[in-house]
Amino acid sequence: MISRTMQDALNLQINMEQYSAQLYLAMGAHCDALGFKGFAHWLRIQAGEETAHALKLMDFLLDRRGKVELGKIAAPPQSFGGVIQVFEQTLLHEEGITHKINSLFALSRTELDYASEIALQWYVTEQVEEEANVGQIVDQLRAIGDQGGGIWYLDSRMGKRTARTA
Ligand code: FEO
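Residues numbered from 1 in each chain as written. Predicted model: local features only at pLDDT ≥ 70, side-chain atom pairs only at ≥ 80, totals over all residues. Heavy atoms only, no water.

(A) Representation of the overall build of the protein chain in the model. Along the backbone of the protein chain there are five helices and zero strands. Here the C-alpha coordinates of the protein chain stretch approximately 55 × 25 × 25 Å along the principal axes. Looking at the protein chain as a whole, 44% of its 166 residues are labelled buried. Long-range contacts, defined as pairs at least 24 residues apart, comprise 81% of the intrachain contacts of the protein chain with a sequence gap of at least 6. Total accessible area on the protein chain is roughly 8,800 Å²; 57% of this is exposed by carbon and sulfur atoms. With 15 positive and 21 negative side-chain charges, the protein chain shows a spacing of 4 Å between the two charge centroids. (Helix = DSSP H or I, 4+ residues; strand = E, 2+ residues; numbered from the N terminus. Buried < 20%, exposed > 50% of the residue type's maximum accessible area, 1.4 Å probe, protein only. Contact = heavy atoms within 4.5 Å. Areas by Shrake-Rupley, 256 points an atom, 1.4 Å probe, with all protein chains shown as cover. Lys, Arg positive; Asp, Glu negative; His and termini not counted. Charge placed at Lys NZ, Arg CZ, Asp CG, Glu CD.)

Written out as structure tokens, the structure reads:
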């Protein structure tokens, strides 16, 4: 059975992953409204991955005979600026998530909760990938700027992202 402290912290992270999904759905709708269907598609797939992150934590809590306590999901901002700003905000958000995952990992160690520590390793690794992927998009957007043909080429490439199967 999982400790109350660890359970509460994991429930907060479930909420944060759901907020991430909410944020990326809003960003995707924003990109779509700007005419960038490819960036919108990429963000919608990202939202699906965030929901999967929440479900994975939920299943872990249930396996540990913990109580899943779902809270209210905060509303995302309504405006994000241009596409470069959207992905700069995405990178900032992912850096914040990495900080939260690291804090959870540290908590699992102080709680001597080895099962949580092992489960959280997956999230530590995932955050390296998340930051690398989004960081690369930010670099590319900054290099080509948000005017001209380059951004439309990048938009069409972003539109080819497929959902992860595992
Ligand atoms: Fe669930 Fe994008 O981290």
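(B) Quick look at the packing of aromatic side chains. Counted according to the given criterion, the structure contains five aromatic pairs. Between Phe39 and Phe87, the ring centres sit 5.6 Å apart and the planes meet at 55°, which makes this aromatic pair tilted. Note that Phe39 is positioned in helix H2 (residues 37-63) and Phe87 in helix H3 (residues 83-110), a separation of 48 residues in sequence. Considering the side-chain rings of Trp42 and Phe87, the 5.6 Å spacing of their centres and the 65° angle between planes classify their relative orientation as edge-to-face. Remark: Phe87 occurs in helix H3 and Trp42 occurs in helix H2; sequence separation between them is 45 residues. Its relative accessible area of 0% is what places Phe87 among the buried residues. Every member of this aromatic cluster is reached through a ring pair, and the members are Phe36, Phe39, Trp42, Phe87 and Trp152. Lying across the ring of Trp122, Lys56 places its NZ or CZ 4.5 Å from the centre. One cation-aromatic arrangement involves Arg161 over Trp42; the distance from NZ or CZ to the ring centre is 4.4 Å. (Phe/Tyr/Trp six-rings, centres within 6.5 Å; stacked < 30°, edge-to-face > 60°. Lys NZ or Arg CZ within 6 Å of the ring centre and 35° of its normal.)

(C) Seen up close, helix H4 (residues 114-144). In this model, H4 (31 residues) spans 46 Å end to end at C-alpha, consistent with the 45 Å of a helix rising 1.5 Å per residue. Maximum bend of H4: about 25°, positioned at Leu120. When we look at burial in H4, the residues that qualify are Ser116, Glu117, Leu120, Tyr123, Glu126, Gln127, Glu130, Val134, Gly135, Ile137, Val138 and Leu141. Buried residues along H4 sit in contact with helix H1 (4-33), H2, H3 and helix H5 (149-158). Following H4 by one or two positions, Gly145 adopts a phi angle in the positive range, close to 75°. (Expected span 1.5 Å × (residues − 1). Bend = angle between axes of the 7 residues up to and from the residue.)

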